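Topology and contacts: notes
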Amino acid sequence: MFPELNNLLNTTPDRTEQGKLTLLCDAKTDGSFLVHHFLSFYLKANCKVCFVALVQSFSHYNIVGRKLGVSLTAARECGQLVFLEGLKSSVDVFFRAQAEPHPLQFLREADAGSLQPVYEFVREALKPVEDGQAAWRYPVLLVDDLSVLLSLGLGAVAVLDFMHYCRVAVCWEQKGNIVALVHDSGDAEDEENDILLNGLSHQSHLILRAEGLATGFCRDVHGQLRILWRTPSQPAAQRDRSLTYQYKIQDKSVSFFAKGMSPAVL
Amino acid sequence: MLNIIDSFQMRPGVGGGRIHGVPPLCPEGGGSAGRDVIRGRRRRDRRGLEMESVLALGGLVLLRDSVEWEGRSLLKALIKKSALCGERVHILGCEVSEDEFREGFDASVNSRLIYHDLFRDPLNWSGEALPGGPLGALQAMCKRTDRGPVTIALDSLSWLLLHLPCPALCQALCALSQQHSRPGGSSPVEPVRVLGLLHEELHGPGPLGALSSLAQAEVTLSGTMGQASAHILSWRPQQCPARQTQWFSILPDFSLDLQGGPPLESQPHPEPHTPPVDPTAHVTFNLHLSESERAAKDSLTLPFQFSSEKQQALLRPGPRQATGRIFYEPDAYDDLDQEDPDDDLDV
């Protein structure tokens with residue numbers, strides 16, 4: 001996790017809010033560093049994490065996680081991390097008997113219907129341990145990313161329904177958290193993606209939006225991060241609701257600074 | 001906004017159209033300025049009365065919000081207002097849980113809320129869905145049998161629009177908004193107010209237009225500098241649509257606090273302790289004039305300035321002073337022609 005980002009969000013692994021949906025989105029840049037941040041953050045916070053990883057392999061996340069101080073291999077072995085490796089298991093879908101349920105079986109269906117099997121997988125992975133001993137603090141669902149589901153033929157409403165049911169099971173029933181990444185297509189006219197992004201934004205408590213600089217690529221400033229706190233059901237609090245910072249991604253950390261205050265130009 | 005709130009307090013046939021909470025500005029009417037203000041306020045009140053009568057008829061009110069300016073807290077504030085007036089409020093909850101929706105309401109309000117839970121299992125994935133699914137739940141609200149004035153809140157209309165065909169939803173909304181008449185027909189009809197929360201970024205112009213055509217009023221939320229505003233557009237039969245912008249904020253107990261106008265722009269005042277900087281203090285050239293230089297400058301006559309002295313000098317050329325003379329030594333190749341080429345002109 002990135003300590004500077006924790007400071008900006010005013011949170012630590014020991015002191016987090018529960019029952020919240022955090023939406024990560026990126027526009028004209030790669031926002032996957034936020035996914036790595038939250039993965040290592042919640043593992044360090046001793047939470048049970050279910051990671052639906054659809055775009056990268058397990059070893060990729062493991063290598064980055066080691067730089068951030070967590071071992072995904074160890075977490076998976078001790079049961080803290082349940083990892084759905086989309087790239088590998090999507091191939092299994094085609095070599096299994098059709099009757100056997102598989103989370104990604106929508107890939108086999110002619111009319112891609114719903115993500116109910118993925119929801120069942122998540123609910124099963126994060127259900128509380130029945131012996132009553134809470135080994136982990138609260139469950140967390142991490143999804144990287146939701147836009148790829150649209151590319152795989154699902155509709156925006158189907159993905160929104162999946163997130164709705166995950167909110168019911170994780171945020172409401174178990175007071176856990178959800179973090180999901182959605183790409184913003186920006187100028188490209190992708191109505192389905194816009195519906196997905198706006199629909200999730202309305203349900204989110206925190207939106208982190210990584211944007212490329214409007215002036216183009218820069219060696220010392222890789223982008224800017226907009227943080228928007230929302231209160232979907234409560235009157236807006238008096239604190240700052242929106243902050244914008246620029247950032248630079250380094251080998252093992254990300255440094256944040258106010259706009260125009262990059263150390264390279266001061 | 002003031003008028004939507006007042007409409008929640010007034011029902012037709014009650015009182016003589018008196019506006020609550022508007023004290024007279026100057027009871028003695030001192031001065032024409034005071035009279036103009038009173039006249040202006042009465043004009044606004046008259047328009048407010050018209051809007052109240054439109055909203056008091058019932059019907060669909062759309063609350064259009066966006067990601068930045070969420071509308072659920074306003075919906076809850078209007079629900080609280082209805083409940084405190086003794087109305088029963090039915091809520092079709094699709095986006096948030098019942099606990100989260102009831103949070104912030106006190107017991108007197110919560111006792112009048114009836115929450116129809118579509119949040120927990122809207123698509124019957126867990127086997128706990130309401131019978132008939134979303135459309136069945138909506139149609140069941142049309143057939144409710146409770147008496148008295150009622151407000152129906154749809155949280156949210158966007159969710160219903162994404163999951164139901166637009167025509168079916170519009171038909172159900174029409175059926176919901178129709179006046180609920182008691183059996184027997186002799187007692188006056190009770191209007192039904194339907195509040196629909198709509199996330200306008202999620203829908204195209206077609207469905208939005210269809211819902212607008214069904215609506216009695218539309219409240220679009222926006223704001224500036226942290227202060228929310230509501231742009232209210234209401235339609236009355238055979239009259240022009242009425243528009244009003246109201247700045248407001250919602251208190252933690254979901255009471256509405258109406259503001260008079262937009263927040264003042266924060267002006268960039270300089271620090272009062274630092275004196276203004278003189279830009280001419282540190283330049284490398286002289287911008288100032290001494291007294292003698294100033295006198296010489298003021299007395300200087302510009303070359304092309306036509307004054308009476310110059311006019312006289314031109315009309316009566318004085319003795320030649322230092323006029324210029326031209327000395328020319330012709331070359332061998334010069335062809336000097338002494339003839340005046342204009343000699344043959346007869347002018």
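Just so you know, these numbers come straight off a predicted model, no measurement behind them.

With that settled, the discussion passes to the packing of aromatic side chains. Residue and element names in this part refer to chain A. Within this structure, the stated rule accounts for 17 aromatic pairs over all chains. Residues tyrosine 42 and tyrosine 138 carry aromatic rings whose centres are separated by 6.4 Å and whose planes lie at 80° to one another, so their mutual orientation is edge-to-face. One end of the pair, tyrosine 42, is in helix α2 (residues 32–44); the other, tyrosine 138, is in the loop between α6 (116–126) and β4 (139–144), with 96 residues separating them in the sequence. Judged by relative accessible area, tyrosine 138 falls into the buried class, the value being 3%. Judged by centre distance (5.3 Å) and plane angle (80°), the rings of phenylalanine 51 and phenylalanine 83 are edge-to-face. A residue pair is termed long-range when its members are at least 10 positions apart, and phenylalanine 51 in strand β2 (residues 48–53) and phenylalanine 83 in strand β3 (residues 81–85) qualify at 32 residues. Here phenylalanine 51 matches phenylalanine 83 in class, with each residue buried.

Tallying the contact residues gives 35 residues for chain B and 30 residues for chain A. Buried surface at the junction of chain B and chain A, both sides included, amounts to about 2,700 Å², of which 58% is carbon and sulfur. Viewed at the interface, chain A and chain B are joined by 0 salt bridges. Our count for the chain B to chain A interface comes out at 12 residue pairs in polar contact (both at pLDDT 80 or more). Counting residues per element, the ones that place at least two in the side of chain B that touches chain A are α3 (72–84), α4 (98–102) and α7 (157–163) of chain B. In terms of residue class, the side of chain B that touches chain A is made up of 16 nonpolar, 7 polar and 12 charged.

Time to look at unusual backbone geometry. The amide bond that connects aspartate 144 of chain A to the next residue, aspartate 145 of chain A, takes the cis arrangement and shows omega of -15°. Counting through the fold element by element, aspartate 145 of chain A comes out in the loop between β4 and α7 (147–151). Cis peptide bonds are those with omega within 30 degrees of zero, and the linkage from aspartate 155 of chain B to serine 156 of chain B qualifies with 10°. Inspection of the secondary structure puts serine 156 of chain B in the loop between β4 (150–155) and α7.

Attention shifts here to the confidence of the model for chain B. All names here are of chain B. Averaged over all residues, the pLDDT of chain B equals 75, while 71% of them reach at least 70. Confidence, read as mean pLDDT per element, is least for helix α2 (residues 31–56) in chain B (48) and greatest for α7 (93). Predicted confidence for residues 181–187 stays below pLDDT 50, and this span has 5 contacts to residues more than four positions away or in other chains. Contacts of residues 267–271 to residues separated by more than four positions or lying in other chains number 0 contacts, the stretch itself having pLDDT below 50. Both confidence scores are given for the complex: pTM 0.76, ipTM 0.87.

Further remarks concern a nonpolar patch on the surface. Side chains of Val91, Phe94 and Phe95 of chain A sit close together on the surface and give an oily, nonpolar patch of about 360 Å² of accessible area. Positionally, phenylalanine 94 of chain A belongs in helix α5 (residues 86–95).

Turning next to the nonpolar core. Residues and elements named next belong to chain A. Ranked by internal contacts, the top residues of the largest apolar core, which has 44 residues, are Leu141, Leu146, Leu196 and Leu200. Within the residue set of this core, elements represented by two or more residues are β1 (21–27), β2, α6, β4, α7, α8 (156–173), β5 (177–183) and α9 (191–203). Here the element with the most residues in this core is α8; it accounts for 11 residues. Residues contacting leucine 141, with those up to four places away along its chain left out, are Cys50, Val52, Val122, Leu126, Cys166, Asn177, Ile178 and Val179.

Once that is clear, we can look at the sheet that holds strand β6 (residues 206–211) of chain A. Residue and element names in this part refer to chain A. Strand order in the open sheet made by the 9 strands is β3-β2-β4-β5-β1-β6-β7-β8-β9, with mixed pairing throughout. Both outer strands of the open sheet, β3 and β9 (254–257), are each paired with one neighbouring strand and no more. Between one strand axis and the next, the sheet turns through 20° on average, direction left out of account. Pairing analysis gives 4 bridges linking β4 to β5, with the strands arranged parallel. Bridge pairing in β5 places leucine 142 opposite valine 179. Packing of α6 onto the sheet brings it into contact with β2, β3 and β4, and relative to β2 it is tilted by some 155°.

Here we come to α8 of chain A. All names here are of chain A. The terminal C-alpha atoms of α8, which comprises 18 residues, lie 24 Å apart, in line with the 26 Å expected from a rise of 1.5 Å per residue. If you look at α8, its biggest bend is around 30°, right at arginine 167. In terms of residue burial, α8 counts as a mostly covered element, since 15 of its 18 residues are buried. Note on α8: the residue one or two positions beyond its end, lysine 175, has a positive phi of about 55°.

About the thresholds
Residues numbered from 1 in each chain as written. Chains lettered and ligands numbered in written order. Predicted model: local features only at pLDDT ≥ 70, side-chain atom pairs only at ≥ 80, totals over all residues. Heavy atoms only, no water. Phe/Tyr/Trp six-rings, centres within 6.5 Å; stacked < 30°, edge-to-face > 60°. Helix = DSSP H or I, 4+ residues; strand = E, 2+ residues; numbered from the N terminus. Buried < 20%, exposed > 50% of the residue type's maximum accessible area, 1.4 Å probe, protein only. Contact = heavy atoms within 4.5 Å. Buried area = accessible area lost by both parts, 1.4 Å probe. Salt bridge = Lys/Arg side-chain N within 4 Å of Asp/Glu carboxyl O. Polar contact = N/O pair within 3.5 Å; in protein donor to acceptor, adjacent residues only side chain to side chain. Nonpolar A, V, L, I, M, F, W, Y, C, P; charged D, E, K, R; others polar. pLDDT = per-residue confidence, 0-100. Patch = residues over 30% accessible without salt bridge, like charges linked within 9 Å, V, L, I, M, F, W, Y side chains within 5 Å. Areas by Shrake-Rupley, 256 points an atom, 1.4 Å probe, with all protein chains shown as cover. Core = buried A, V, L, I, M, F, W, Y, C linked by side-chain atoms within 4.5 Å. Pairing = 2+ DSSP bridges. Axes fitted to C-alpha atoms, helices over the stretch in contact; angles between N-to-C directions. Expected span 1.5 Å × (residues − 1). Bend = angle between axes of the 7 residues up to and from the residue.

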